[in-house]
Amino acid sequence: MRWSRWRRSRQSFCGSATCARPRKEKKMQDDRVVVIGAGVIGTMTARALAKRGRRVTLIERLPGAAELCSRGNAGMMAVGHAKAWAEPAAIPALGRALLGREPAVRVSRLMDPALWRWGIDFLRHCTGSANAVNSDRERRLARFSRDMLKAAETEMGLPVATWHEGALYLFQDGAQFRSYAAKVGTGGEIEALDPAALIAREPGLAAMRERLAGGLLSHIDSVGDCHLFTRRTAAWLAETGRVEIHYDTDVTGFTRRDGKIVAVETSAGPVPCGAVVLATGVETTDLTRPLGFAPAIYPVKGYSGTWRITDPAGVPRLPFVDETELLAVANYGDRLRVTAIAEFAGRDRSLPAERVKLLDDYVRRSVGAAVDLETPEFWTGLRPTTPAGPPFLGKVKDFANLWINAGHGQLGWTMSLGAGEILAQHLTGETPTLRDVSARARWLEAA
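Everything quoted here is computed from the prediction, not taken from an experiment. (Residues numbered from 1 in each chain as written. Predicted model: local features only at pLDDT ≥ 70, side-chain atom pairs only at ≥ 80, totals over all residues. Heavy atoms only, no water.)

Time to look at the overall build of the protein. On a plain count of helices and strands, the protein comes out with 13 helices and 22 strands. Projected onto the principal axes, the alpha-carbon positions of the protein cover approximately 75 × 45 × 45 Å. Here the protein, with 447 residues, has 55% of them falling under the buried criterion. Total accessible area computed for the protein in this model is approximately 18900 Å², and 52% of it derives from carbon and sulfur atoms. Side-chain charges of the protein comprise 60 positive and 49 negative groups, with the mean position of each set lying 6 Å from the other. (Helix = DSSP H or I, 4+ residues; strand = E, 2+ residues; numbered from the N terminus. Buried < 20%, exposed > 50% of the residue type's maximum accessible area, 1.4 Å probe, protein only. Areas by Shrake-Rupley, 256 points an atom, 1.4 Å probe, with all protein chains shown as cover. Lys, Arg positive; Asp, Glu negative; His and termini not counted. Charge placed at Lys NZ, Arg CZ, Asp CG, Glu CD.)

Shown next as structure tokens:
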């Protein structure tokens, strides 16, 4: 949006910082909701609020929507994989990671004070009972969100770019497969398949035949390009006039009065508001510390590579997670996306050669003959992760009109539509479809 248009927009509802305003204009200001952050979470939150007739302004510091964590993620709406990281088995895994013996988990900034604070809280959730509660919250929110996706595409008239045929969870270790398969049973939404049944169901796995010990087929998962869907949604919101979007705009602070946020201060001037939603991922604490609280959200770095598909028959149609090597693979029709690694590296966004090699080696072993190996695109992003696992979703206790929707970890795409819907329901006073899906914090009235 051009700066001149932004200035005209400001003048229409602000005029000057001290001007006396007519009663009607003040009412218009009071019902405006400012959503900060145009990743998949913020964009879906803005959409949910606009559906309810709220005037919404979406502010993003980058030139477009979904340019950070939402840009290069796996693309799986992994309902079958929705479970909290914090569990008893995570403790020895972290020990191995500290010793460099856990390939899928790396600790690169051991002396980061923020990591230690987050880690102590994480360990508190590594009990069987806490894991059960937190995993249940994640599964319910993930399932609710995934079930909204088809209707959202139809409502906005978007090209269908998501597939709802399920996903596979593959195992190269026999004991690991048998342990998981024993929990599945028969006739449910997730079924266990031996290697022959896997290949019969998904011929694109043929190149992996000798490595497979078995797998699970989850009928409740979907896949799609999160970056593309978010940008299309943002464009639709702007074109239809449902949401006013300001890119290239930094949020610099808040104007407070009587326990409320009355304006969001930005690099382009103040934006008066009736409510504020923080959908700011790993940068949330930058904005909240001056307000007196700091959500425990740590950036867990992930990596992805994207390859052009040259032989569709040689690439699995269904997305899959390799549970043994801990990589996720998704077919977007013309491109193959592979993601891996959970790295505790603060806010470092560099692409070390050894991480790129891990992704490249896996693709060469698994589908190398079916993709263009010469022109891959690599990416790294920071997953905003809470110690408990579920996101922080609800109203901030010390403010009458400040809300948060952040901390979705590796399940941001999976939970995005549902989290936006639940937050909008709470903010507008509706009876929420789901309850008790947020992580807990002393500063939060949790949804």
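Anyway, onward from the coordinates.
Inspection of the entire model under this criterion finds 29 salt bridges. Linking D225 and R335 is a salt bridge whose minimum nitrogen-to-oxygen distance equals 3.1 Å. Placement of D225 in the loop between β9 (222–224) and α10 (226–239) and of R335 in strand β18 (residues 335–344) is noted, with a sequence separation of 110 residues between them. The partly exposed category is assigned to R335, whose relative accessible area is 25%. (Salt bridge = Lys/Arg side-chain N within 4 Å of Asp/Glu carboxyl O.)

Moving on: unusual backbone geometry. The residue A66 is not glycine, and still its phi comes out positive at about 60°. Position of A66 relative to the elements: it lies in the loop between β2 (55–59) and β3 (76–77). On the basis of relative accessibility, which here comes to 2%, the residue A66 falls in the buried class.

Here we have seven strands laid out as an open sheet, ordered β10-β2-β1-β14-β21-β20-β22, and mixed in their pairing. The two strands at the open ends of the sheet, each matched to only one other strand, are β10 (243–246) and β22 (444–446). For this sheet, the mean inter-axis angle between neighbouring strands, taken without regard to orientation, is 25°. Looking at chain direction, strand β20 (residues 392–396) and strand β21 (residues 402–406) are connected through four bridges and run antiparallel. (Pairing = 2+ DSSP bridges. Axes fitted to C-alpha atoms, helices over the stretch in contact; angles between N-to-C directions.)

This part takes up the pairing of strand β12 (residues 260–266). Here six bridges tie strand β11 (residues 251–257) to β12, and the two strands are oriented antiparallel to one another. For T255, the partnering residue across the bridge sits in β12 and is A263. Two successive antiparallel strands, β11 and β12, enclose a turn made up of two residues, where D258 displays a positive phi of approximately 55°. The turn linking β12 back onto strand β13 (residues 269–272) is made up of two residues.

Overall, antiparallel pairing links the three strands, which are arranged β11-β12-β13 in an open sheet. Among the strands making up the open sheet, the edge pair consists of β11 and β13. Here the average twist between neighbouring strands, direction ignored, is 30°. By the bridge criterion, four bridges tie β12 to β13 in an arrangement that is antiparallel. Bridge pairing in β13 places V264 opposite V271.

Once that is clear, we can look at the packing of aromatic side chains. Within this structure, the stated rule accounts for 10 aromatic pairs. Here the basic side chain of K183 rests over the ring of Y180, its NZ or CZ set 5.4 Å away from the ring centre. (Phe/Tyr/Trp six-rings, centres within 6.5 Å; stacked < 30°, edge-to-face > 60°. Lys NZ or Arg CZ within 6 Å of the ring centre and 35° of its normal.)

On to the domain arrangement of the protein. Once the domains are mapped, the protein shows domain 1 (32–166 + 220–446) and domain 2 (167–202 + 214–219). Here the C-alpha centroids of domain 1 and domain 2 sit 27 Å apart. Counting residues at the interface gives 22 residues for domain 1 and 16 residues for domain 2. Considering only the side of domain 1, the residues that lose the most area to domain 2 are I220, L318 and E323, jointly responsible for 36% of the buried surface there. Counting across the domain 1 and domain 2 interface gives one salt bridge. Close ionic contact of R143 with E189 constitutes a salt bridge, the shortest N to O distance being 3.0 Å. Only α6 (128–146) and β16 (320–322) provide two or more residues apiece to the side of domain 1 that touches domain 2. The element contributing the most residues to the side of domain 1 that touches domain 2 is β16, with three residues. Broken down by class, the residue content of the side of domain 1 that touches domain 2 amounts to nine nonpolar, four polar and nine charged. (Domains from an automatic or database assignment. Contact = heavy atoms within 4.5 Å. Buried area = accessible area lost by both parts, 1.4 Å probe. Nonpolar A, V, L, I, M, F, W, Y, C, P; charged D, E, K, R; others polar.)

On to the nonpolar core. With 60 residues, the main nonpolar core has V35, L49, F229, V243, V277 and L427 as its most contacted residues. The element contributing the most residues to this core is helix α13 (residues 412–427), with eight residues. Two domains each donate at least three residues to this core, and these are domain 1 (32–166 + 220–446) and domain 2 (167–202 + 214–219). Those residues in contact with L427 that lie beyond four places of it in its chain are V33, L49, R54, A275, V277 and W403. (Core = buried A, V, L, I, M, F, W, Y, C linked by side-chain atoms within 4.5 Å.)

By the element assignment, S70 lies in the loop between β2 and β3. You can call S70 buried: its relative accessible area is 7%. Within the local environment of S70, its side chain forms a polar contact with the backbone nitrogen of V40, the two atoms lying 3.0 Å apart. Apart from the residues lying within four places of it in its own chain, the contact partners of S70 are G39, V40, C226 and H227. (Polar contact = N/O pair within 3.5 Å; in protein donor to acceptor, adjacent residues only side chain to side chain.)

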